[in-house]
Amino acid sequence: MGFGATSGPWTLLTSALWCMNLLGYLGTTSLLVLFGPIAEREFGSTRAALLFAASHVLGCLAGALVVRAGAATQWEWLSYLDGDVAVVPSVGLVGLALATSFRLPPHWRRRVRLLLIIGLLVLALYSGYLEDVLRLAGGLVGLLIGAVVVRRTSAPSAPSHEETRVLVALLLAASALGSVVALLSPYANGPLAWFADVLAVPQPDADTVASYCAEPDLVEMCRSATVQASYGRFPSMVMSVLPALVLLALAEGLRRGRRFAWWAALAVNVAMAGLLGWYVVDLVRLADGSVTAGMVVEYGVPFLLPVAIVVVLLLTRRQFPLVTPVRRFWTLTVGGLLALSALYVGGGYLVRDQFSPAPSFADLLADLPARFLPPGYLGLLPMRFSADDLVATVLFEYTGVVFWVVVLAAILQASWRARHTDLATDAARARALVQRHGGSSLSYMTTWRGNHYWFSEDGRAVIAYRVVATIALTVGDPIGDPQARRDAVRGFAEFCGHHGWTPCLYSIGQELRDAVDAHGWSTVQVAEDTVIPLAELAFTGKKWQDVRTALNKAAKAGVTAEWWSYPDAPHAVTDQVRAISEEWVADKGLPEMGFTLGGLEELSGDGVRCLIAVDADRTVHGITSWLPVYRDGEVVGWTLDFMRRRADGFRGSMEFLIASAATTLKEEGAGFLSLSGAPLARLDRGERPRGLQKLLDFTGRVLEPVYGFRSLFAFKAKFQPVYHPMFMAYPDSAALPRIANAVSRAYLPDLSARQGLRLASKVIIGWEGKRDRPVVDQPS
């Protein structure tokens, strides 16, 4: 039973049991799945149900009251809704969601409120159905209930720089999406529905064209509408929504803190405010004193929308300081404009017989501005001719499409990339800090190619990072003076916020994990570092049986371990190492992993030592590389990185090489060996995993047939290591999808589509148990 402005109590209650259509059921179910469990956890089942019921009843009553009041003032929109009915369980759900937002963390609280309120306003003002008005009223009632009943005593915190950018970007995006909502709604009736024509201009239908052509005084409009209607469906649709897409692209630039996007958004909204202001003034002039309240709202609010955005942009100007290289934007835009203009005029003149009537060169030149306008705007310009054949149609309809796609791509590129201020000496400065202060077992990896560097103001600490899809992914703990390291994370987070990035501290130790956890960051274990203390190392006892066996077999086979600096090793040795590595990669059919996993290039780093297993014939059976770990300028330990063995070589070569390295390095005075972290594998400490940790454990099991992370973890257990958990820390759980993408791309930066399909097929086949696990030679 539908609820309307004149319905009774029974209808009011039963209207929460059904939806208007399939889309309504899907949206309502999504809201229930997202916010229902949170509300039940925070309030309990009974109180959550009461909040839903109160929001539904009070929201429907408030919405009905607004409709009746508007109808009494002869407002056409609300007068039409006064006789409408709707079934809307989502009224209570949006109220419940907004009431529950008072129990969410501050950044989620603001995001949920802004997204829901803007969404509700867009639907009510652009789409304008009765259910949209009732939903908006239900949301406002939910906010009121939350402020009075649910609100906690803690004072709200001010949004951070990054959060402010997100909120401003959402505001600009909403102004663009509203027009798209009105364009897609079959019978949009909201007070701002006409404003959709400014950003997303629809193609005139046959009835509109016929009405123009039936009037003798509208010959020019008839001709323009006929040409507009003749546009192909695809170019018309693309050109109609391009203004909205441009605003969405600028919103992404604002989210990233780009000054270019700020200037462009300001210019677009100032121009839009001027256009609408002129329109409203002209409307008042034509009304000749018969302006109603409905007209004021219907035509005045669209003018205030871009004005409000301009005010917000001016007030938040300092939040968008990041300078971007815009020379390429202007090169692409101006170059594309000139090239496409020349193509249209020149090409059109060559096929002028495909136009009706055949245009002259001057006609084509005069028609050129119309080619870059959406079809709905063509009524502003006189139409001199139309296209009749294929080539002419392509030039006529697609010149503007190509140009605006180029502009859109140039805006995205200018909004996407920022200037890196890293100096050529940054890597050397970072290396000096690594050698002076040391750090975790991964500290040497901060010197690898591909990293950028952030230094504290006094230069006493450094954090290595790489930016992947707005995620600043670090490598291990900060490097530097102990006191400076404690303050480095705060400074690095501010640096990332300034650049529009989200920091993600990857493979950090327990101490730093506890420090950031106390400041509200989320953490999850991503690997397990395996460390062999060398002071009391002795390969005695049953637990060392496999290692002793490998050493004995190597001696019988005449295999020995030789230390080399890879750049100084004989070509006969390095050629075999390259061949073994290439064979290993080819066998997997997947690219080598990077980031915290070294390849052939990293073997040549300063201070890196290679231990190679060779026999009497100088055949290389396996190789390991060892990265130095410094403390106070001295090497105190070594970290295993690169591992490869010949497929048909001496079995047990890895055990032999690691044991030989441990023996030699112990004699040289090293305190420990790290066998590095095993990603997506961890020691069972009796803790019950929850949420994200469960997902990572499952991912490790799924990827086991391909990369064998858990097999590698079990292999390292042969050396009786001490286990140290390694964590990932991040300040905003909303960034988790982007973090997952960034980590994947950091480890597999060169993964092609074909290799991605092969990886997926190997995962599926391995998960089903249809093939054996591969030999694991690559540590993490």
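Heads up: the structure comes first, above all this text.
Residues numbered from 1 in each chain as written. Predicted model: local features only at pLDDT ≥ 70, side-chain atom pairs only at ≥ 80, totals over all residues. Heavy atoms only, no water.

**Some points on the nonpolar core**
Consideration 1: Formed by 47 residues in total, the largest nonpolar core has its most connected members in L172, L250, L254, L313, Y344 and I411.
Consideration 2: Counting residues per element, the ones that place at least two in this core are α8 (161-184), α12 (233-255), α13 (259-287), α14 (293-315), α15 (327-350) and α17 (390-416).
Consideration 3: One finds W448, V468, A527 and L680 within the second-largest nonpolar core, a separate group that totals 32 residues. (Core = buried A, V, L, I, M, F, W, Y, C linked by side-chain atoms within 4.5 Å. Buried < 20%, exposed > 50% of the residue type's maximum accessible area, 1.4 Å probe, protein only. Helix = DSSP H or I, 4+ residues; strand = E, 2+ residues; numbered from the N terminus.)

**Re helix α21 (residues 545-557)**
Consideration 1: Over its 13 residues, α21 runs 18 Å from end to end, which matches the ideal 18 Å to within 8%, given 1.5 Å per residue.
Consideration 2: Where α21 is concerned, the buried positions are V547, A550 and A554. Viewed along the axis of α21, the buried residues span an arc of 60°, placing them on a single side of the element. Every exposed residue of α21 that faces more than 90 degrees away from the buried side is listed here: A555 and K556.
Consideration 3: Of the surrounding elements, those touching the buried residues of α21 are α23 (653-667).
Consideration 4: A positive phi of about 75° marks G558, the residue just after α21. (Expected span 1.5 Å × (residues − 1). Arc of directions from axis to C-beta. Contact = heavy atoms within 4.5 Å.)

**Let's talk about the packing of aromatic side chains**
Consideration 1: Counting across every chain of the model gives 23 aromatic pairs.
Consideration 2: Ring centres of F260 and F329 lie 4.9 Å apart, and the angle between their planes is 65°; this geometry places the pair in the edge-to-face category. You can see F260 sitting in helix α13 and its partner F329 sitting in helix α15, a full 69 residues away along the chain.
Consideration 3: Ring plane angle 55° and centroid distance 5.6 Å describe the contact between Y465 and F492, whose orientation is recorded as tilted. (Phe/Tyr/Trp six-rings, centres within 6.5 Å; stacked < 30°, edge-to-face > 60°.)

**Focus on the pattern of salt bridges**
Once their charged atoms are close, side chains differing in charge can pair, the charge on each being opposite to the other.
Consideration 1: Taken as a whole and assessed by the stated rule, the structure comprises 18 salt bridges.
Consideration 2: D426 is the partner of R429 in a salt bridge, and the nearest nitrogen-oxygen pair spans 4.0 Å. Within this pair, R429 and its partner D426 are both found in helix α18 (residues 426-437), separated by three residues, close to a single helical turn.
Consideration 3: Judged by its relative accessible area of 6%, D426 is buried.
Consideration 4: Of the charged contacts, one joins D481 and R460 as a salt bridge, the two residues approaching to 2.6 Å between their closest N and O atoms. Highlighted residues: D481 in the loop between β8 (479-480) and α19 (482-499) and R460 in the loop between β5 (452-455) and β6 (461-468), separated in sequence by 21 residues.
Consideration 5: On the accessibility criterion, D481 (21% relative accessible area) is partly exposed. (Salt bridge = Lys/Arg side-chain N within 4 Å of Asp/Glu carboxyl O.)

**Focus on the environment of E397**
Consideration 1: Residue position: E397 is located in helix α17.
Consideration 2: Separated by 163 residues in sequence, E397 and F234 place their C-alpha atoms 9.6 Å apart.

**A short note on the environment of I471**
Consideration 1: Checked against the element boundaries, I471 lands in strand β7 (residues 471-474).
Consideration 2: In contact with I471, not counting residues within four places along its chain, are R466, T502, C504, A735, R738, I739 and A742.

**What about unusual backbone geometry?**
The phi torsion of most residues other than glycine is negative, and most of the peptide bonds are trans.
Consideration 1: The peptide bond linking S356 to P357 adopts the cis configuration, its omega dihedral lying at -10°.
Consideration 2: Counting through the fold element by element, P357 comes out in the loop between β3 (355-356) and α16 (361-367).
Consideration 3: For R618, which is not a glycine, the phi torsion comes out positive at approximately 65°.
Consideration 4: One can find R618 in the loop between β12 (609-614) and β13 (620-631).
Consideration 5: Taking relative accessible area as the criterion, R618 reaches 36% and is therefore assigned partly exposed.

**Details of the packing of α15 against α17**
Consideration 1: Where α15 meets α17, the axes come as close as 9 Å, and the angle between the chain directions of the two elements is 175°. It follows that α15 is roughly antiparallel to α17 by the angle criterion. Between α15, through R328, F329, L332, T333, G336, L337, L340, L343, Y344, G347 and G348, and α17, the contact on the second element is made entirely by L395, F396, T399, V402, F403, V406, V407, A410, I411, Q413 and A414. (Axes fitted to C-alpha atoms, helices over the stretch in contact; angles between N-to-C directions. Parallel < 35°, antiparallel > 145°, perpendicular 65-115°, else oblique.)

**What about a nonpolar patch on the surface?**
Consideration 1: Judged by side-chain polarity, L17, W18, L22, L23, Y25 and L26 come together as a nonpolar surface patch covering roughly 690 Å² of accessible area.
Consideration 2: Structurally, L23 can be placed in helix α2 (residues 22-43).
Consideration 3: Overall, the relative accessible area of 68% leaves L23 in the exposed class. (Patch = residues over 30% accessible without salt bridge, like charges linked within 9 Å, V, L, I, M, F, W, Y side chains within 5 Å. Areas by Shrake-Rupley, 256 points an atom, 1.4 Å probe, with all protein chains shown as cover.)

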